[in-house]
Amino acid sequence: MSSSSLPKELLELRASIDNIDAALIHMLAERFRCTKAVGVLKAKNGLAPADPNREKQQVERLRTLALSADLDPDFAEKFLNFIVKEVIRHHETTAAKENGS
């Protein structure tokens, strides 16, 4: 089926999805720029790469936000956990570099 034979509404929804996906990528990139700076500060100050208390607070906060946005809070938590694991990995790498490892 060619795109010209698809319903206009479907094409409009797909265009919106494409725009949202692009925004998500840019937002994730900005988030990782911030967390990279956090990792450098943690390494310079001898702080642990992970902060379980902060992570717990973030999970609770995002689950609440997800509920208010009519998004599955379990999905939101899984998504955050995926991101946090990557952030911690970056922080560990940064700490190792800071310590000459």
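As recorded in an unreviewed UniProt entry, the protein goes by chorismate mutase and comes from Phyllobacterium ifriqiyense.

## Quick look at the layout of surface pockets
Roughly 570 Å³ of volume is contained in the largest pocket. Looking at the lining of the largest pocket, the elements with two or more residues in it are helix H1 (8-44), helix H2 (52-68) and helix H3 (73-98). Looking at the lining of the largest pocket residue by residue, the class counts come to 13 nonpolar, 1 polar and 2 charged. Estimates place the volume of the second largest pocket at around 300 Å³. Along the walls of the second largest pocket sit 16 residues, with Arg31, Thr35, Arg54, Val87 and His91 positioned nearest its centre. At the level of secondary structure, the elements contributing two or more residues to the lining of the second largest pocket comprise H1, H2 and H3.

## Regarding the pattern of salt bridges
Between side chains of opposite charge, pairing is possible as soon as their charged atoms come close. The tally for this structure, following the rule as stated, stands at 5 salt bridges. For the salt bridge of Arg33 with Glu30, the shortest nitrogen-to-oxygen distance reads 3.0 Å. Taken together, the residues span about one helical turn, with Arg33 and Glu30 both in helix H1 at a distance of 3 residues. Ionic pairing is found between Glu77 and Arg63, a salt bridge with its closest N-O pair at 2.7 Å. In this pair, Glu77 is assigned in helix H3 and Arg63 in helix H2, connecting sequence segments 14 residues apart. A single salt-bridge network, built from bridges that share partners, covers Arg63, Asp74 and Glu77.

## Comments concerning the packing of aromatic side chains
Using the criterion set out here, one finds 1 aromatic pair in the structure. Each ring, one from Phe75 and one from Phe79, has its centre 6.3 Å from the other, and the planes form 20°; the classification is stacked. A residue pair is termed a helical-turn pair when its members lie 3 or 4 positions apart in one helix, as Phe75 and Phe79 do in helix H3 at 4 residues.

## As for the UniProt feature "domain: Chorismate mutase" (unreviewed entry) in the protein
Residues annotated by UniProt as "domain: Chorismate mutase" (unreviewed entry) correspond here to residues 4-95. As a span, residues 4-95 carries 84% helix and 0% strand, and end to end its C-alpha atoms are 53 Å apart.

## Focus: the side chain of Thr35
With respect to the helices and strands, the residue Thr35 is situated in helix H1. The exposure class of Thr35 is buried, given its relative accessible area of 13%. Those residues in contact with Thr35 that lie beyond four places of it in its chain are Val87 and His91.

## Considerations on unusual backbone geometry
If a residue is not glycine, its phi is most likely negative; likewise, a peptide bond is most likely trans. Phi is positive for Asp70, which is not a glycine, with a value near 60°. Looking at where Asp70 falls in the secondary structure, it is placed in the loop between H2 and H3.

Cut-off values and rules
- Residues numbered from 1 in each chain as written.
- Predicted model: local features only at pLDDT ≥ 70, side-chain atom pairs only at ≥ 80, totals over all residues.
- Heavy atoms only, no water.
- 1 Å grid on protein atoms, 1.4 Å probe; cavity = no way out; pocket = protein on both sides within 12 Å on 5 of 7 lines; lining within 4 Å.
- Points joined across faces, edges and corners; volume = space filled by probe spheres on them.
- Helix = DSSP H or I, 4+ residues; strand = E, 2+ residues; numbered from the N terminus.
- Nonpolar A, V, L, I, M, F, W, Y, C, P; charged D, E, K, R; others polar.
- Salt bridge = Lys/Arg side-chain N within 4 Å of Asp/Glu carboxyl O.
- Phe/Tyr/Trp six-rings, centres within 6.5 Å; stacked < 30°, edge-to-face > 60°.
- UniProt positions renumbered as here; feature names shortened; annotations may be inferred.
- Buried < 20%, exposed > 50% of the residue type's maximum accessible area, 1.4 Å probe, protein only.
- Contact = heavy atoms within 4.5 Å.

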